[in-house]
Amino acid sequence: MKKEIVCAKCDNPKTFAKCLGCEAVLCESCSIFELIGSGCGCVWPAYYCIDCAHDPAINPTPCSKT
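Residues numbered from 1 in each chain as written. Predicted model: local features only at pLDDT ≥ 70, side-chain atom pairs only at ≥ 80, totals over all residues. Heavy atoms only, no water.

Enquirer: Just checking my understanding: could you explain the packing of aromatic side chains for this structure?
Expert: In this description, an aromatic ring pair is defined by two values, namely the gap between the centres and the angle between the planes. The final tally for this structure, using the stated rule, is two aromatic pairs. Aromatic side chains Phe16 and Tyr47 sit 5.2 Å apart centroid to centroid with 90 degrees between the ring planes, which places their arrangement in the edge-to-face category. Of this pair, Phe16 sits in strand 1 (residues 15-18) while Tyr47 sits in strand 4 (residues 43-48), and the two are 31 residues apart along the sequence. A residue is classified by how much of its surface remains accessible, and Phe16, at 41% relative accessible area, is partly exposed. (Phe/Tyr/Trp six-rings, centres within 6.5 Å; stacked < 30°, edge-to-face > 60°. Helix = DSSP H or I, 4+ residues; strand = E, 2+ residues; numbered from the N terminus. Buried < 20%, exposed > 50% of the residue type's maximum accessible area, 1.4 Å probe, protein only.)

Right, here's the structure in full:
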C-alpha cells in the first residue's frame with residue numbers, strides 16, 4: 001500500500017515543495033519563497049518552512065514575514 005504524501009505542517013495532500021533547510025514536504029500555503037544570491041550574480045529560488053525561514057543558521061537572508 002502506497003503511503004500518501006501530505007504537507008508536514010498542515011496535512012494538505014497537495015504538496016508543492018521541500019524545505020531547503022529540513023527537507024519537510026510542504027504545500028504552497030506553508031512554503032515560504034526566498035531568492036538566494038551569490039557574489040557572482042547567480043540567483044536561485046529556495047523554499048523554506050516557517051521554522052527554517054526565520055532561522056539565520058539555515059536561511060542566510062531571513063524574511064520578515066511572520
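Enquirer: Sorry if this is basic, but what is going on with the environment of Asn12 here?
Expert: Looking at where Asn12 falls in the secondary structure, it is placed in the segment before strand 1. On the basis of relative accessible area, Asn12 is assigned to the partly exposed category, the value being 26%. Apart from residues lying up to four places away in sequence, Asn12 is in contact with Val6, Cys7 and Cys27. (Contact = heavy atoms within 4.5 Å.)

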